[in-house]
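A closer look at the structure
This is what each chain is made of:
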Amino acid sequence: FFFLSNLYISLLRIGQYCPSSRSMDYVRKLVLYEEAGVREYWIVDAKQRIITVYDFEHQKEPVQYTFSEKVKAGIYEDLFLDMRELELG
């Protein structure tokens, strides 16, 4: 596998919410992206209304945010995700 991105964002949508999808994002993709050198990986869970951020570059513990918070990318100075402005369903 060869990745050109420093940041990956996975969206777990409400209609496609199943254990295998969660396992793919929280286990398989997590390991794959970290080993491939991705610097940051975000999982946006629409059902739970949380965003889990893995900062591989700084080897920090994952941080969880709610949809009521504005989330800043650790690797880009001016990149934010504000879920209050999006409608998921």
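A brief report on the enclosed structure follows.

Analysis parameters
Residues numbered from 1 in each chain as written. Predicted model: local features only at pLDDT ≥ 70, side-chain atom pairs only at ≥ 80, totals over all residues. Heavy atoms only, no water. 1 Å grid on protein atoms, 1.4 Å probe; cavity = no way out; pocket = protein on both sides within 12 Å on 5 of 7 lines; lining within 4 Å. Points joined across faces, edges and corners; volume = space filled by probe spheres on them. Helix = DSSP H or I, 4+ residues; strand = E, 2+ residues; numbered from the N terminus. Nonpolar A, V, L, I, M, F, W, Y, C, P; charged D, E, K, R; others polar. Buried < 20%, exposed > 50% of the residue type's maximum accessible area, 1.4 Å probe, protein only. Pairing = 2+ DSSP bridges.

**What about the layout of surface pockets?**
Space inside the largest pocket adds up to approximately 160 Å³. The wall of the largest pocket is formed by Glu40, Val53, Asp55, His58, Lys60, Glu61, Val63, Tyr65, Val71, Lys72 and Gly74. Elements with a contribution of two residues or more to the lining of the largest pocket: strand E3 (50-55), strand E4 (63-66) and strand E5 (70-72). A breakdown of the residues in the lining of the largest pocket according to their chemical character gives 4 nonpolar, 2 polar and 5 charged.

**Description of the pairing of E3**
Burial of E3 is extensive: 6 of the 6 residues sit out of reach of the surface. Burial along E3 is two-sided: the face carrying Ile50, Thr52 and Tyr54 and the face carrying Ile51, Val53 and Asp55 are both buried. Judged from the 6 bridges that link them, strand E2 (residues 40-45) and E3 form a sheet pairing that is antiparallel. Across the sheet, Glu40 pairs through a bridge with Asp55, a residue of E3. Here E2 folds back onto E3 in antiparallel fashion, the turn holding 4 residues, of which Arg49 has a positive phi close to 60 degrees. Pairing of E3 with E4, which is carried by 4 bridges, proceeds in the antiparallel orientation.

Function cannot be inferred from these measures alone, as they are strictly geometric.
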